[in-house]
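These are the residues of each chain, in order.
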There are 2 protein chains.
Amino acid sequence: MTVDGRARSLWGWGFADRFPDRAARRSLAQQVGALLGARELEVREPVSPESLALPSPRALPTAELAAFSTSAILERARHCYGKGYRDLVRGFRGDYASAPDFVARPRNEAELDELLAACAKNKWAAIPFGGGTSVVGGVEAALPPGFSGAVSIDLGAFDRVLEVDPVSRAARIQAGALGPALEAQLEPRGFSLRHFPQSFEHSTLGGWIATRAGGHFATLYTHIDDLVESVRIVTPRGVWQSLRVPGSGAGPSPDRLALGSEGIFGVITEAWVRVQPRPRFRAQASVHFPSFGGGVEATRAIAQAGLYPSNCRLLDPTEALLHRVAGDGSSVLLLAFESADHELSPWMSRALALAAECGGDCPKGPRFSDAESPRASESQAGDAWRAAFFDAPYLQSALVSLGVLCDTFETACTWDKFAALNAAVTDATSAALRRVCGGGIVSCRFTHVYPDGPAPYYTFIGAAKKGGELEQWAEIKRAASDALSASGATITHHHAVGRIHRPWYDRQRPEPFALALKAAKAALDPAGV
Amino acid sequence: MTVDGRARSLWGWGFADRFPDRAARRSLAQQVGALLGARELEVREPVSPESLALPSPRALPTAELAAFSTSAILERARHCYGKGYRDLVRGFRGDYASAPDFVARPRNEAELDELLAACAKNKWAAIPFGGGTSVVGGVEAALPPGFSGAVSIDLGAFDRVLEVDPVSRAARIQAGALGPALEAQLEPRGFSLRHFPQSFEHSTLGGWIATRAGGHFATLYTHIDDLVESVRIVTPRGVWQSLRVPGSGAGPSPDRLALGSEGIFGVITEAWVRVQPRPRFRAQASVHFPSFGGGVEATRAIAQAGLYPSNCRLLDPTEALLHRVAGDGSSVLLLAFESADHELSPWMSRALALAAECGGDCPKGPRFSDAESPRASESQAGDAWRAAFFDAPYLQSALVSLGVLCDTFETACTWDKFAALNAAVTDATSAALRRVCGGGIVSCRFTHVYPDGPAPYYTFIGAAKKGGELEQWAEIKRAASDALSASGATITHHHAVGRIHRPWYDRQRPEPFALALKAAKAALDPAGV
């Protein structure tokens, strides 16, 4: 699979040409080995695509599906997994046991209808596939009993911006459009969706909607939810097209039931979303705190002040060190405001004053830029952050090739619970890392903040024992998830449920809501495809 | 029924002592008669409570329900209707044909459980009743076949603020708490919910959640939806308690399915909601526009600028005249910002600059106040507006006693559609008023604004022909609703669906969503109570 002629990695993150060569990985192995306490890391190579062995397909595309379907081994392998740690490890090993039997790439809703009908008729599980970046097992076809096959529905042909309404600032976009592709189509019209999840380059609008993806705005427009005007879903019982209005009070919101539905009702084909002009004014600052607690207090004060920063990302000392924005044990708050309308010094000044009251120091002062001014400057910490942000998934793939166990998980809790939650999660994850890897690193940052609580995001890294990586990962994940659950936090803030979070999700959702959802699913998809 | 010792009107809005005496209504009749073109309006009196005749109850409370139930005629009458135009007219006439058979007032969830079980067993329709201010037929017991009775479930005993979390700024509040009661309990803790629908004095938190009520914030926190952290519902299949977190991406939001559910899943008993300190800083301005179109453009520019005013209420010339904020054919934008954290001149200055670019003039300039400053001043137009806002429902009741047909309806649409929608709705409503009443008044204001569109709110007034008020009203309502529907707008932005909006709601909701909702309802309430 290529994007603009550039090949994607079969097993690892993103473009194949971004996987570092052996020499670069040797040097990485030394750095990371040192970080993990003088551990020797072995540089390994993934199984080559030529030598892949997949199970024989249990089902083949019928004649009417043949025009847009394939059973080619590489395509089946490409559609087998998302890009979570377990996916990377299995892909690296060449283990594609749960690959779909074939991949269909419908070119329009009529073909999609035909496909869903064939799935119902033949008892095939239908699995919508956007960019394939799920980190929670969202696209994997582990078939329950009763199915005779699994079809991956690739939405790649649904990649157009169909309509732009410049007055209301909204656009109708097909669900299979990747982040860069939809931005490239909006740009000549003077607009941007400005939804930048870490997976931005390789994930799609439909995927974001199905999983309630989190974007780059730290406040207000935190999830794609907040940018959706209406959704179109092809279900086995007909088309679900919600009315396009800016707000409504007519019954429960159909869009809010579609958001996070992870494909259970049907296949999302398009949506009207809110767009905006690119920001002209920017204000950025890095605020250093001697204690993490002071940083938390400052972040809470800013989140509760009604200032709505676009970035309000608090890094604990380990995160600050790993991302090279501080190395002296400080916590760092990366703060930014953006606007297409007005300059931002009153907003930034007030936020910095609140931070200062909690012991925050902004040694370089705030930086302001105006896209129309010739001397536009950007904050170095902010820039370094952005580059590192989009590179992180590439780094994870490289680390997997060194036998390093590394993953992230995220949550949200109310402010009153954060200190206890952070201690419990860090302790549980560190203890599991010690048991499993003989030690490791756990770090925390806030990706999004609300007046009533933060969304903490954790990273853990350890040296895996060769051969049992998946079991080692599962033990750490279980420890971390149990701690989240016991602390009254959500099992996911923006990574979705998938297969991986299911046990903890089942504990957190209200039982009657589970009954309601199950019944709704059965009504729209009687064959359970 | 009394609130703090003050009796509520049986048929009309709010407190009984606010219904004007005969002399006052005679004077009102002259003013309004002149406004409607020299029409003679007759001052009538409502049927007295003593002479009410209700149908005999089809069902009586069983022994275990007797401790918290009553079949008293006045209680049955009080729980018969909401406060929409049709309700006022029927109450005024003494027509309580669809009264519930008895009223239960459970004091805790155990009694509520018992009650729901009795309803299922005896085939009684269970109708949750909060403040009884529905304007869409939300509490009326028009029984479908198969039921042997109807019970009104009065949540009045669930009136406490149970918990306040000052760190996260949230409170756990029982669903039956009226607006003033919950504010009075929050106030000593230094907080306010700041959700002020027009019905504020007589409606409840549970009612707001069940109907997705709109509050006073013109932007961001437009609906109660945006203030809800988690919801607790007693359903026939157990308790629906969602996890209290500031944000989540774990599956579709249970709260968003509860919001707007209008009682179909069960009885809302409590919720965690976001609260905030009372604002210290306020900025207010009245901006006059020679044309309504200029006002619309200015309002759109402000809504799209990321300034988030707390009030951004555009009145067309008729509204401005009726509310006495302008009498020269101007449209008026009532603009306000509020903050507990920072002074607001940069926000107001930028909004006024945007308004000026569209021809807006602010003759008195903006007024700023600081609750700590001794010279705090408020804008006169803003104050006059607030008083008139809460008085409007009293005025409607008085007008009903003069045989005046008056009601409001509201919607939301994207900006690109507003001009055509406004023309179509105004034309259709005016034409219906001419047919039905020989003429009348139609006015429009925006109550809430979004980056992608406004929420227009219409008022219509005409002199009804005596005796056929309900039919005349229905003809106008139908004309207006058809015009909304044909213009691609929602049938309601914050008044809910109820019985009255059902035909148009059924047209606008996606058919598969209707199937999903029906199935979800059946799963949680197998007996369909």
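Above this note sits the structure.
Residues numbered from 1 in each chain as written. Chains lettered and ligands numbered in written order. Predicted model: local features only at pLDDT ≥ 70, side-chain atom pairs only at ≥ 80, totals over all residues. Heavy atoms only, no water.

**Q** For this particular structure, what's the right way to read the overall build of chain A?
**A** For chain A, the helix and strand inventory stands at 15 helices and 18 strands. The globule rule puts the C-alpha radius of gyration for 529 residues at 24 Å, and the 23 Å found for chain A is close to it. Across its three principal axes, chain A shows a C-alpha extent of roughly 70 × 60 × 50 Å. Counting the 529 residues in chain A, one finds 61% classified as buried. Of the side chains in chain A, 55 bear a positive and 56 a negative charge, and the two mean positions are spaced by 3 Å. (Helix = DSSP H or I, 4+ residues; strand = E, 2+ residues; numbered from the N terminus. Rg over C-alpha atoms; globule rule 2.2 N^0.38 Å. Buried < 20%, exposed > 50% of the residue type's maximum accessible area, 1.4 Å probe, protein only. Lys, Arg positive; Asp, Glu negative; His and termini not counted. Charge placed at Lys NZ, Arg CZ, Asp CG, Glu CD.)

**Q** What should I look at first to understand the pattern of salt bridges in this one?
**A** Where charged atoms from two side chains of opposite charge approach closely, those side chains can pair. Tallying each qualifying case throughout the model produces 69 salt bridges over all chains. Taking the shortest distance from any N to any O, the salt bridge between Asp17(B) and Arg6(B) comes out at 3.0 Å. Of this pair, Asp17(B) sits in the loop between strand S2 (6-7) and helix H1 (22-35) while Arg6(B) sits in strand S2, and the two are eleven residues apart along the sequence. A residue is classified by how much of its surface remains accessible, and Arg6(B), at 32% relative accessible area, is partly exposed. Connected via shared salt-bridge partners are Glu42(A), Arg44(A), Arg93(A), Lys466(A) and Glu469(A). (Salt bridge = Lys/Arg side-chain N within 4 Å of Asp/Glu carboxyl O.)

**Q** Just to check I follow, could you spell out the interface of chain B and chain A for this structure?
**A** At the interface, 81 residues of chain B touch 81 residues of chain A. Counting each side, the surface lost to burial between chain B and chain A is near 6,400 Å², with a carbon and sulfur contribution of 62%. Our count for the chain B to chain A interface comes out at six salt bridges. The closest approach of N and O atoms between Asp416(A) and Arg244(B), which form a salt bridge, is 3.9 Å. There are 26 residue pairs in polar contact (both at pLDDT 80 or more) connecting chain B and chain A. For the side of chain B that touches chain A, the leading source of residues is helix H15 (residues 511-524) of chain B, giving nine residues. Here the residues of the side of chain B that touches chain A are counted per class, giving 41 nonpolar, 25 polar and 15 charged. (Contact = heavy atoms within 4.5 Å. Buried area = accessible area lost by both parts, 1.4 Å probe. Polar contact = N/O pair within 3.5 Å; in protein donor to acceptor, adjacent residues only side chain to side chain. Nonpolar A, V, L, I, M, F, W, Y, C, P; charged D, E, K, R; others polar.)

**Q** Just to check I follow, could you spell out the environment of Gly37(A) for this structure?
**A** Residues and elements named next belong to chain A. The topology assignment puts glycine 37 in the loop between helix H1 (22-35) and strand S3 (69-70). Accessibility expressed as a relative area gives 49% for glycine 37, which makes it partly exposed. As for glycine 37 and alanine 463, which are separated by 426 residues in sequence, their C-alpha atoms are 9.8 Å apart.

Coordinates in, geometry out; function isn't part of it.
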